[in-house]
Amino acid sequence: EAQSEATNGDVYVLSFTSLLLLYEIGVPVDVIKGNSTYITESTLLQIKTDALKIINEYDRDTVSSIGVFDGNLFMNVVDEAYKEKIVTMAGKVLKYVEQIEYRGNEHDLKGDIFGQIDAKEILGICDYDAIGLVQNTNNAVLIATEFFHASLGASQLVGYPTASVIDWLIHVGTSAIELID
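Bear in mind that the values here come from a model prediction, so they are computed numbers and not experimental data.

Let us now look at the overall build of the chain. Across its full length, the chain holds 10 helices and seven strands. In the chain, buried positions account for 40% of the 181 residues. Across the chain, contacts joining residues at least 24 apart in sequence account for 68% of those joining residues at least 6 apart. Just so you have it, the chain exposes about 10,600 Å², and 51% of that area is on carbon and sulfur atoms.

So, in structure tokens, the structure goes:
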């Protein structure tokens, strides 16, 4: 069923984790951009905030922490190679994400269950917005890696179309096996 929903979608919205998975397995940005696939504005802002925080934290002469273990004080100093690796990675993720088209969400989630729980706290604002976009955009599908999203999407309490990253990759004609190898 998920694959048929992915095949029938006109618009695809990536969950936060799906976006990071696509980056990690090396899906080119052009594949995302060329297949009516979007991220939420809150996802873009979260990635920017996180990446800049990491860059600011690790792009210093000394990066260290102090702690106590078994009653003894210790200092952990991060070496130059690790600092460079972390700063480079944060920059690459940010550059990747900034190339993807985004959409804002101004809708609350539909479904009685959302009146009973703090959905923004449970889902995180990025995935909250992704679900909101899918629920309020004709023929939209949430691309998600989390079983929770697939279950919630399939439930009668909420219901919204979901597809796995693998099903989306098949739909857009990209081989996950080639990317992983």
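The next subject is a nonpolar patch on the surface. The grouping of Ile66, Val68, Leu73, Met75 and Val77 at the surface amounts to a nonpolar patch, some 570 Å² of accessible area in total. Looking at the nonpolar patch, the elements that each hand over two or more residues are strand 3 (64-69) and strand 4 (72-77). Per-element accounting of the nonpolar patch gives the leading share, three residues, to strand 4.

Read across the sheet, five strands follow the order 5-2-1-6-7 without closing on themselves; strand pairing throughout is parallel. Strand pairing shows two members of the sheet lacking a second neighbour, strand 5 (102-103) and strand 7 (162-163), which therefore form its edges. Relative to strand 7, strand 6 (residues 140-143) runs parallel, the two being bridged by two bridges. Residue pairing in the sheet places Ile143 in a bridge with Ala163 of strand 7. Lying over the sheet, helix 4 (residues 41-58) contacts strand 2 (37-40) and strand 5, oriented at roughly 65° with respect to strand 2.

We now examine the pairing of strand 6. Side chains Ala140 and Leu142 of strand 6 all project onto a buried face; the interleaved residues Val141 and Ile143 project onto the opposite face, where all are buried too. Relative to strand 6, strand 1 (residues 11-14) runs parallel, the two being bridged by four bridges. Bridge pairing in strand 6 places Val11 opposite Ala140.

Should their charged atoms come close, side chains of opposite charge can pair. Applying the stated rule across the entire model yields one salt bridge. In this structure, Glu80 engages Lys83 in a salt bridge whose closest nitrogen and oxygen atoms are separated by 2.7 Å. Separated by three residues within a single helix, Glu80 and Lys83 lie in helix 5 (residues 80-98), roughly one turn from each other. On the basis of relative accessible area, Glu80 is assigned to the exposed category, the value being 54%.

For the rest of this paragraph, the subject is the environment of Ile86. Following the sequence through the fold, Ile86 ends up in helix 5. Given the relative accessible area of 12%, Ile86 is considered buried. C-alpha separation for the pair Ile86 and Tyr58, spaced 28 residues apart in sequence, amounts to 7.3 Å. Excluding anything up to four places from it in sequence, Ile86 contacts Ile54 and Tyr58.

Counting 29 residues, the largest nonpolar core has Leu22, Val27, Ile32, Tyr96, Val97, Ile143 and Trp168 as the members making the most contacts within it. Listing elements by their share of this core, those giving two or more residues are strand 1, helix 2 (16-24), helix 3 (29-33), helix 4, helix 5, strand 6 and helix 9 (165-171). Top contributing element to this core by residue count: helix 5, with five residues. Apart from the residues lying within four places of it in its own chain, the contact partners of Ile143 are Tyr12, Val13, Leu14, Ser15, Ser18, Ala163, Ser164, Val165 and Trp168. Among the nonpolar cores identified, the runner-up in size contains 13 residues, and Val13, Tyr38, Leu123 and Leu133 belong to it.

On to the environment of Ser15, then. Here Ser15 shows up in the loop between strand 1 and helix 2. Taking relative accessible area as the criterion, Ser15 reaches 0% and is therefore assigned buried. Through-space distance from the C-alpha of Ser15 to that of Cys126 is 7.3 Å; in sequence the pair is 111 residues apart.

What counts, and where the lines are drawn
Residues numbered from 1 in each chain as written. Predicted model: local features only at pLDDT ≥ 70, side-chain atom pairs only at ≥ 80, totals over all residues. Heavy atoms only, no water. Helix = DSSP H or I, 4+ residues; strand = E, 2+ residues; numbered from the N terminus. Buried < 20%, exposed > 50% of the residue type's maximum accessible area, 1.4 Å probe, protein only. Contact = heavy atoms within 4.5 Å. Areas by Shrake-Rupley, 256 points an atom, 1.4 Å probe, with all protein chains shown as cover. Patch = residues over 30% accessible without salt bridge, like charges linked within 9 Å, V, L, I, M, F, W, Y side chains within 5 Å. Salt bridge = Lys/Arg side-chain N within 4 Å of Asp/Glu carboxyl O. Pairing = 2+ DSSP bridges. Axes fitted to C-alpha atoms, helices over the stretch in contact; angles between N-to-C directions. Core = buried A, V, L, I, M, F, W, Y, C linked by side-chain atoms within 4.5 Å.

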